[in-house]
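Listed below, chain by chain, are the residues.
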Amino acid sequence: MKLAGLLVMPAGFFLSLAALALFPALTQRAAFVVCGLAVEGLGLAVAVRGHMGARREGEQ
Amino acid sequence: MNPPMPLSDPLFALALALLLLAPLALAGVALVNTGLGRSRSAAQAMLGSLAMVSVAALAFAVAGVALAGGPNDASYTVQLAGKSWNWLGASPLLLGGFGLAGPQQQLAVLFEFLAVAMAALLPWGSGADRWRLPAGCAAAAVTGTLVFPLVAHWTWGGGWLAQLGANFGLGAGFVDGGGAGAAHVLGGVSALALVWIAGPRRGKFPREGLATALPGHNVVYVLFGCLVALVGWLGWNLAGAVIWLHTPLYGLPAVALNTLLAAAGALAATFAVTRIRFGKPDASLCANGWLAGLVTSCACAGIARPWEAIMVGLVAGAGTPLLVELMELALSIDDPSGAIAVHAAGGLWGLLAAGFLAPQAGQLVAQLVGIAALLGVALPLVYLLFWLLDKAIPFRVDPDGERIGMDLHELGGGAYPDFVIHRDESYK
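Described below are features of the structure shown in this document. (Residues numbered from 1 in each chain as written. Chains lettered and ligands numbered in written order. Predicted model: local features only at pLDDT ≥ 70, side-chain atom pairs only at ≥ 80, totals over all residues.)

### Here we look at the interface of chain B and chain A
Between chain B and chain A, the contact holds 21 residues from the first and 22 residues from the second. Element by element, the count of residues in the side of chain B that touches chain A is highest for helix α13 (residues 363-392) of chain B, at twelve residues. (Contact = placed C-beta atoms within 7 Å. Helix = DSSP H or I, 4+ residues; strand = E, 2+ residues; numbered from the N terminus.)

As structure tokens, then:
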């Protein structure tokens, strides 16, 4: 699960790159970059959850 | 950011002198890391700090500096969507051509050497009391050879982040005058990757109940380290302002003032938050708050006005103790030095604040793209490299070594041979 979360994070980065290449207007770019950051945040959250889950399993 | 101008001799001499002060930031962080660790690992912590700096500098000299490159050097560039995307430097290996470079470029390389040392040093504090010295050196070599040069090229070497302004009209491009991203966020996310791979210290998270408090062994080291770090940070931010932001001489006092005010605001906020949360101010968390203020100043000291620097510091200082507590109690992350909260989160906040404070249109978007690159590329890349490294050179010391302490286990002698080291209750 941690690895899955870490794999999602580059997807958010590529979304931000796509915003630069696809949208000429600043507002659209900003919105898309924020979406990319949100995807990275989701990936980080999944990775943290995976870390917590792995630690709990290790205890049992 | 001012347009680049050739450095005059006095400005070159000043920037060089400031860069010679900057290693005090490394010394301060090393003292803080050592003080926040345990007494039975203090010598290993301090020797490790020297080793991290040395290995990272050597690795950067051998190969890293070639990949980091400079704005006018050869590079690997891709044409995409009608724009030029500069991904990686292609300068000569082994510092070839350094003597022929102009004064600006020579100062830039020296600055990058200090930044790579900081990026390699930060995870060492997070791995205190369990990270083996050979594994730490290997990780520093990876940071100095591959990871830092990539980020440094994007930020300072004329890479695609630096070109966001010219290519896409986003302000002045990604701005990071003091290394908040390339040194601190990178070091902080490396610390997170390390903590995930090495795991917590024995006894930190018992099977039942809350996390065990494992307080640092010498809070005087920690607080003195903060004062030493201030001197280093002043040199660091002022030199960065001259080299990367092209700040003129008359603009430098404001940069120094902003650095001090950001740290002071952060300390005041952490003092208040810990006083409210625990009834008394917490010395080690206050030290973390102070450092977080310094880290945020790396990004915005050259841009902000003094009252803005105070506000940025206040937010950093208020958030740091809460984040440290959240990571320890809720997220099961054992980070003895607090590098993740202080350097990663503080650096990200500073970069974001610089976007809000900069006068140019589109600067905030440029900063957001830079943050997306640091989080979306650096963290997964560092985790992957460290995970592979852990298979070759195990990061974590064996349980017996952790029980007797890293000093005896790795160095054969303690930092305080005249002291009777108390028995640790967590090993019952």
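After that view of the structure, there is still more to cover.
### Points about the packing of helix α5 (residues 133-156) of chain B against helix α7 (residues 180-198) of chain B
All names here are of chain B. Running from N to C, α5 and α7 cross one another at 140 degrees; their axes reach a closest spacing of 10 Å. Regarding the angle of α5 to α7, the classification is oblique. The handedness of the crossing between α5 and α7 comes out as right-handed. Between α5 and α7, the contacting residues are Thr 143, Val 147, Phe 148, Val 151, Ala 152, Thr 155 and Trp 156 on the first element and Gly 181, Ala 182, Leu 186 and Ser 190 on the second. (Axes fitted to C-alpha atoms, helices over the stretch in contact; angles between N-to-C directions. Parallel < 35°, antiparallel > 145°, perpendicular 65-115°, else oblique. Left-handed = near helix turned anticlockwise from the far one by under 90°.)

### Section: helix α3 (residues 42-68) of chain B
An α-helical turn contains 3.6 residues, so a residue and the one three or four places further along point in the same direction. All names here are of chain B. Between its first and last C-alpha, α3 extends only 34 Å over 27 residues, short of the 39 Å set by a 1.5 Å rise per residue. Residue Ala 61 marks the point of greatest curvature in α3, where the axis turns by about 60 degrees. Of the residues flanking the end of α3, it is Gly 69, one or two places downstream, whose phi is positive at about 60 degrees. (Expected span 1.5 Å × (residues − 1). Bend = angle between axes of the 7 residues up to and from the residue.)

### With respect to the pairing of strand β1 (residues 75-80) of chain B
All names here are of chain B. One ladder, built from six bridges, connects β1 with strand β2 (residues 83-89); its direction is antiparallel. Within β2, the position partnered with Leu 80 by the bridge is Lys 83. Between β1 and β2, which pair antiparallel and follow one another directly, the connecting turn spans two residues, one of which, Ala 81, has a positive phi of 55 degrees. (Pairing = 2+ DSSP bridges.)

### Examining the packing of helix α9 (residues 252-278) of chain B against helix α10 (residues 283-300) of chain B
All names here are of chain B. One can describe the packing of α9 onto α10 by two numbers: an axis separation of 7 Å at closest approach and a directional angle of 150 degrees. Of the two elements, α9 crosses α10, and the hand of that crossing is right-handed. For the pair formed by α9 and α10, the contact residues are Asn 258, Thr 259, Ala 262, Ala 263, Gly 265, Ala 266, Leu 267, Ala 269, Thr 270, Phe 271 and Thr 274 on the first element and Leu 285, Cys 286, Gly 289, Trp 290, Ala 292, Gly 293, Leu 294, Thr 296 and Ser 297 on the second. Per-class residue counts for the contact of α9 with α10 are eleven nonpolar, nine polar and no charged. (Nonpolar A, V, L, I, M, F, W, Y, C, P; charged D, E, K, R; others polar.)

### Notes on unusual backbone geometry
Residue and element names in this part refer to chain B. Not every positive phi belongs to a glycine, and Asp 129 is a case in point at roughly 70 degrees. A positive phi angle, near 55 degrees, is found at Ser 332, a position not held by glycine. Tracing the backbone shows Ser 332 in the loop between α11 (306-330) and α12 (339-357).

### A look at the environment of Gln163(B)
All names here are of chain B. In this structure, Gln 163 sits in the loop between α5 and α6 (164-168). The exposure class assigned to Gln 163 is partly exposed, which follows from the 19 C-beta atoms found within 10 Å. Counting along the chain gives 14 residues from Gln 163 to Pro 149, while the straight-line C-alpha distance between them is 17 Å. Setting aside chain neighbours within four positions, we find Gln 163 in contact with Asn 86, Gly 158 and Gly 173. (Buried ≥ 20, exposed ≤ 12 C-beta atoms within 10 Å, placed from the backbone.)

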